[in-house]
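# Structural description and commentary
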Amino acid sequence: MTSASRDEPGSEEIARMSALIDAGNDAFLRGEYPAAHDLFDRAVEAAAPFARTLDVRTQALINRASAADRLGDHPAAVASFREALGLCDLLAEAVAGDVTVTAAVTVLRASALVNLSHPLLHSGDFDGAHTALEQARALLASPADETTLLGPDTADLLIGCLVSLTALTIQREQWARANELATESLDVVLRHQPELAGRPLMNLSAIGLATGRPELAEDFAHQAVTAFQAADTPAGVAEARQSLAQIYLRSGRLDEAEPLLTAGQAFFDRAGMSHQSGIGLDLLGLLAALRGDPAGAGELYVQGVARFEECGAVVAAAEVRVRLAAVLHAEGRYEESEAQLAQAVAAFAASRSGLRCAQADFFHATLLEDRLSTGSAPDPGLLGRAVGLAVPAALAIDAVRFTLANGAQRERWNREIAAPAMRLAFRLAVRAGAAGLVGELIESQCAGTPLMDTSPGDGAAGGPTLEPPQFLGPLTFPDPGPGSDAQGDSMDTFQLGAALADVAASVGLRVSPPPRLALNPAGAVALDPYIAQAEARYGGRVRDTRVVPTW
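The shown structure was predicted, so the numbers you read here are calculated from the model rather than taken from an experiment. (Residues numbered from 1 in each chain as written. Predicted model: local features only at pLDDT ≥ 70, side-chain atom pairs only at ≥ 80, totals over all residues. Heavy atoms only, no water.)

The next subject is the overall build of the protein. Scanning the protein from N- to C-terminus turns up 22 helices and two strands. Here the protein holds 551 residues, and 51% of them are scored as buried. Long-range contacts, defined as pairs at least 24 residues apart, comprise 69% of the intrachain contacts of the protein with a sequence gap of at least 6. Here the protein displays about 23,300 Å² of accessible surface, and carbon together with sulfur accounts for 56% of that area. (Helix = DSSP H or I, 4+ residues; strand = E, 2+ residues; numbered from the N terminus. Buried < 20%, exposed > 50% of the residue type's maximum accessible area, 1.4 Å probe, protein only. Contact = heavy atoms within 4.5 Å. Areas by Shrake-Rupley, 256 points an atom, 1.4 Å probe, with all protein chains shown as cover.)

For the rest of this paragraph, the subject is unusual backbone geometry. Positioned with a positive phi, aspartate 232 is a non-glycine residue whose angle comes to about 55°. Topologically, aspartate 232 is positioned in the loop between helix H10 (214-230) and helix H11 (234-250). Look at arginine 352: it is not a glycine, yet its phi comes out positive at around 60°. Note that arginine 352 resides in the loop between helix H16 (334-350) and helix H17 (354-374).

This paragraph deals with the pattern of salt bridges. Under the counting rule described, the total for this entry stands at 26 salt bridges. A salt bridge links aspartate 41 to arginine 64, with the nearest nitrogen and oxygen atoms 2.6 Å apart. Of this pair, aspartate 41 sits in helix H2 (residues 33-47) while arginine 64 sits in helix H3 (residues 54-70), and the two are 23 residues apart along the sequence. On the accessibility criterion, arginine 64 (14% relative accessible area) is buried. For arginine 177, the salt bridge is made with glutamate 180, and the minimal N-O distance between the two is 3.2 Å. Note that arginine 177 and glutamate 180 are positioned in helix H8 (residues 175-192) at a spacing of three residues, about one turn of the helix. A single network of salt bridges, built from pairs that share partners, joins Arg70, Arg199 and Glu239. (Salt bridge = Lys/Arg side-chain N within 4 Å of Asp/Glu carboxyl O.)

What follows concerns the side chain of asparagine 203. Mapped onto the elements, asparagine 203 comes out in helix H9 (residues 198-210). Non-local contacts of asparagine 203, meaning those with residues more than four positions away in its chain, are made with Val163, Thr166, Ala167, Ile170 and Ala182.

For the pair H11 and helix H13 (residues 274-290), interaxial distance at closest approach is 11 Å and the crossing angle is 25°. Relative to H13, the element H11 lies roughly parallel. Where H11 crosses over H13, the two elements pack in a sense that is left-handed. The segment H11 lies against H13, with Glu239, Gln242, Gln246 and Leu249 engaging Gln276, Ile279, Gly280, Leu283, Leu286, Leu287 and Leu290. The class makeup of the residues in the contact of H11 with H13 is six nonpolar, four polar and one charged. (Axes fitted to C-alpha atoms, helices over the stretch in contact; angles between N-to-C directions. Parallel < 35°, antiparallel > 145°, perpendicular 65-115°, else oblique. Left-handed = near helix turned anticlockwise from the far one by under 90°. Nonpolar A, V, L, I, M, F, W, Y, C, P; charged D, E, K, R; others polar.)

The subject of this paragraph is the confidence of the model for the protein. Per-residue pLDDT for the protein has a mean of 81; in total, 83% of the residues score no lower than 70. Looking over the protein, one finds the lowest element-wise mean pLDDT in helix H21 (residues 493-505), namely 38, and the highest in helix H12 (residues 254-271), namely 96. When the criterion is pLDDT under 50, residues 448-507 qualifies, and its contacts beyond four places in sequence or with other chains add up to 139 contacts. (pLDDT = per-residue confidence, 0-100.)

Let's shift gears to H2. Helix length check: H2 (15 residues) gives 21 Å between terminal C-alpha atoms against 21 Å at 1.5 Å per residue, within 8%. Those residues of H2 lying buried are Tyr33, Ala36, Leu39, Phe40, Ala43, Val44, Ala46 and Ala47. Within H2, the buried residues cover an arc of 165° as seen down the axis, which keeps them to one side. Those residues of H2 that are buried are in contact with helix H1 (11-29), H3, H11 and H12. (Expected span 1.5 Å × (residues − 1). Arc of directions from axis to C-beta.)

Scanning all chains against the criterion turns up two aromatic pairs. Considering the side-chain rings of phenylalanine 28 and tyrosine 33, the 5.0 Å spacing of their centres and the 75° angle between planes classify their relative orientation as edge-to-face. A relative accessible area of 3% means that tyrosine 33 is categorised as buried. An angle of 85° between the planes, with centres 5.8 Å apart, marks the rings of phenylalanine 267 and phenylalanine 268 as edge-to-face. (Phe/Tyr/Trp six-rings, centres within 6.5 Å; stacked < 30°, edge-to-face > 60°.)

In C-alpha cells form, the structure reads like this:
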C-alpha cells in the first residue's frame, strides 16, 4: 500500500482515528475525563493533516472540548468549541449542494453550539450561552413542530439544548420560564430518549428547591439518581446525590447530607471534575458552618473559591465569597469581609445577576448593622452605608413576590425572604432617626397587591422583572416546613406523574408590583430615590409605573 497523501488518508489512519474517538467516548461515559481528553486530543492531531477527515477532526474537537469542560478548564473548552464551529463553516462550503451531507454538518454545528453553552454558562457569559443555545435550537427543530428533528440521531441534541436552556434560565433566576423548559425537556426525553431523563429531573429539582417546594425538589432528585443509575452514568449519579445533599442541608438534615457530600467529593476529585468539586467544597463549608465550625468552613470556602476561579466559574466563586465574608466578619476581620463582598457584587453585576447583587447588598447591610450593635462607639458612617444598601435591596427583594404566579409561593417568599429584608430596612431607618424614610417605608408596605392585567401583548411592556433566586443568604436557611418522609432511590412512573401534576397545579394568577405612591399634591413619590437606585443597580422593576395619591 502506498503512503497516504495529506488529502488522502489510508484506511489504517482512518481506523486509528475512529478507534481513538470510540475509546474516548467510552472513557467519557465512565467518568474518566482526563483519559477521554487525552484520547480525543490524539484523534484531533491524527486527523489534522488530512483535508478529507475534516469532519472527524471537528467531532474530535467537540468531544475534546466537552472533556475539558467536565475537567473544569472552561477557557480551553470554549476555544476548542469555537475552533470546531470554524471547521463547520469549511465543511458546509465543501459539501454545498449535497442535502444529506449538509444535514449531517448542520447536526455537527448544533452539537458544537449546545456544548459550547456549558462552559459559557459556567464562566458567567449568560448572553453568549443563550445565543449559542437559541442558534442550536433553530437548527434542530422546525418552526412548525419543535419535535420534528433532522434525523433519528438528533433527539439527544434537542434534549441537551432544552436542558441547557433550562439551566441558563435557572442561573438567570427566571423561574416561570425555567419550569416551562424543564417540563418541555422532560416530555421530549420521555418520548424520544427515556434513558436521558436524569438532567431534566435535576433541573426540576433545582427549580423546586429555589421556589420553596423542598418536598417536590427531593422527589425529583431521587428520581434523577434512579435515572442516572439506570443509564449507567456514574458522574450523573454523583451529581444528583450532591443535589440531594443540598436539599438535606436546606432542611437541616445534616447527618443525611454528610455521607453524600463526602462520597461525591471523593468521586469528583478522582475524576478531575473541578467545577463539581468546587460545588462540593462550598457545600462542605456550609455543612461545617451549620455545625458551628467557622474555621473549618472558612478553609473550605477559600478552597472552593480557588477551585471555581481556576475553572473560570466567576459567578459560583462569587456566591462562595459571600459565605466566606460571613466567616471573616464573625472573626472580626471586617475589611477582609467587605473586600470579599465587593468582589462578589462586582462578579454578579458583570453577569447581570441583579437579584444576587440585591441579596449580597442585603447581607452586607446585615453585617454593618451587627458592627453597629457590637461597637462601643458606633461609626455614623457605617449607619449611612447600611441604610443606603438595605433600602434599595429590600425593595428589589420584596418585588420578587409579585413575579410569582402561586399565592402560596408569594406568601412564603414574603415571610422567609422579603420580610426579613424589609425589617432590616425599617430598623436601620429608625436607628438613623430618618422619620421621613420610616414613614415612606410604612406607606409602601400598606400598598395593595393588585391582580396583573394579563391581556395579550402586555408581558413585554414592563421590561425585565426580578425573579426568585437560587442563591440564598449565607447564614439564613428558612425552615421549609414539614419534610417529606425519606424516600429511597427507586421512583415509579406514577410518582413522577404526581410530581409533575404538582408543578402544573402551582399555576395561578400573576400580580403586578405595587404602584408608586404620591405623598402630596406636588407629586413627591415615596421612596423615589431608593426605587430609582434599586432599578438602576439591580436591573429590574420594583414598582409599577402607576402613581396613586396617599392623601
